[in-house]
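Survey of secondary and tertiary structure
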Amino acid sequence: MQKRIRVWCAAASSGQEPYSLAMGFKEMGASLAGWRIDILATDISAEVLEKAKVGLYSQFEVQRGLPIQFLVNIFTQVGDCWQLSPEIRAMVQFRPFNLLNDFGPRGSSISCSAATC
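Residues numbered from 1 in each chain as written. Predicted model: local features only at pLDDT ≥ 70, side-chain atom pairs only at ≥ 80, totals over all residues. Heavy atoms only, no water.

Details of the overall build of the chain
Within the chain, the secondary structure is distributed over five helices and six strands. Reading the chain from its N end, one meets helices and strands in the order β-α-β-α-β-α-α-β-β-α-β. Partitioning the intrachain contacts of the chain with sequence separation of at least 6 by distance along the chain shows that 69% fall at a separation of at least 24. As displayed, the chain offers around 7200 Å² of accessible surface, 57% of which is attributable to carbon and sulfur atoms. (Helix = DSSP H or I, 4+ residues; strand = E, 2+ residues; numbered from the N terminus. Contact = heavy atoms within 4.5 Å. Areas by Shrake-Rupley, 256 points an atom, 1.4 Å probe, with all protein chains shown as cover.)

Description of the confidence of the model for the chain
Scored by pLDDT, the chain comes out at a mean of 87, with 88% of its residues at no less than 70. The low-confidence segment residues 110–117, where pLDDT is below 50, has 14 contacts with residues more than four positions distant or belonging to other chains. (pLDDT = per-residue confidence, 0-100.)

Remarks on the sheet that holds strand 5 (residues 81–84)
Spatial strand order, 3-5-4: three strands in an open sheet with antiparallel pairing. Every interior strand has two partners, whereas the edge strands, strand 3 (56–58) and strand 4 (75–78), have only one. The average undirected angle you get between the axes of adjacent strands in this sheet is 35°. Two strands pair when backbone bridges link them, and strand 3 and strand 5 are joined in this way by three bridges, in the antiparallel orientation. Bridge pairing links serine 58 to cysteine 81 in strand 5. (Pairing = 2+ DSSP bridges. Axes fitted to C-alpha atoms, helices over the stretch in contact; angles between N-to-C directions.)

Regarding the sheet that holds strand 2 (residues 35–43)
Across the sheet, which stays open at both edges, the three strands sit in the order 1-2-6 with parallel pairing between neighbours. Every interior strand has two partners, whereas the edge strands, strand 1 (3–9) and strand 6 (92–96), have only one. Within the sheet, the average angular offset between the axes of one strand and its neighbour, ignoring direction, is 20°. Each of strand 1, strand 2 and strand 6 touches helix 1 (residues 16–28); the most contacted strand, strand 2, lies at about 170° to it. Contacting strand 2 and strand 6, helix 2 (residues 46–54) runs over the sheet at an angle of about 170° to strand 6.

Considerations on unusual backbone geometry
Of note in this structure, alanine 11 is not a glycine but carries a positive phi near 55°. By secondary structure assignment, the location of alanine 11 is in the loop between strand 1 and helix 1. For serine 13, which is not glycine, the phi torsion reads 50° and is therefore positive. Owing to a relative accessible area of 32%, serine 13 belongs among the partly exposed residues under this scheme. (Buried < 20%, exposed > 50% of the residue type's maximum accessible area, 1.4 Å probe, protein only.)

What about a nonpolar patch on the surface?
Together, Trp8, Leu99 and Phe103 line one region of the surface with nonpolar side chains, adding up to about 250 Å² of accessible area. Note that phenylalanine 103 resides in the segment after strand 6. Judged by its relative accessible area of 30%, phenylalanine 103 falls in the partly exposed class. (Patch = residues over 30% accessible without salt bridge, like charges linked within 9 Å, V, L, I, M, F, W, Y side chains within 5 Å. Salt bridge = Lys/Arg side-chain N within 4 Å of Asp/Glu carboxyl O.)

So this is what it looks like as structure tokens:
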């Protein structure tokens, strides 16, 4: 049986919280060897989810609580902004979801279709 960590970030907005989790898991390195990490980030706004998928943040956004070693090691400067590495972006799946919808019968995973989100 595979060891698995599953995290759902509801109302994920532009992605800082789920990406922070991904960076933390990545930093744990060898201690998570053999574990599958699934991070699902949902939000009602398709616009903010598209921004989150790109992982591009302003200087103001990255300077609020991000350790400098993460900025240097995980981000690339793009003009006046900073973009997360593809490796970290790949650790998070973004999906639209309205928290007012019934999600109880979905069990342990949120899988949205246009009819339910």
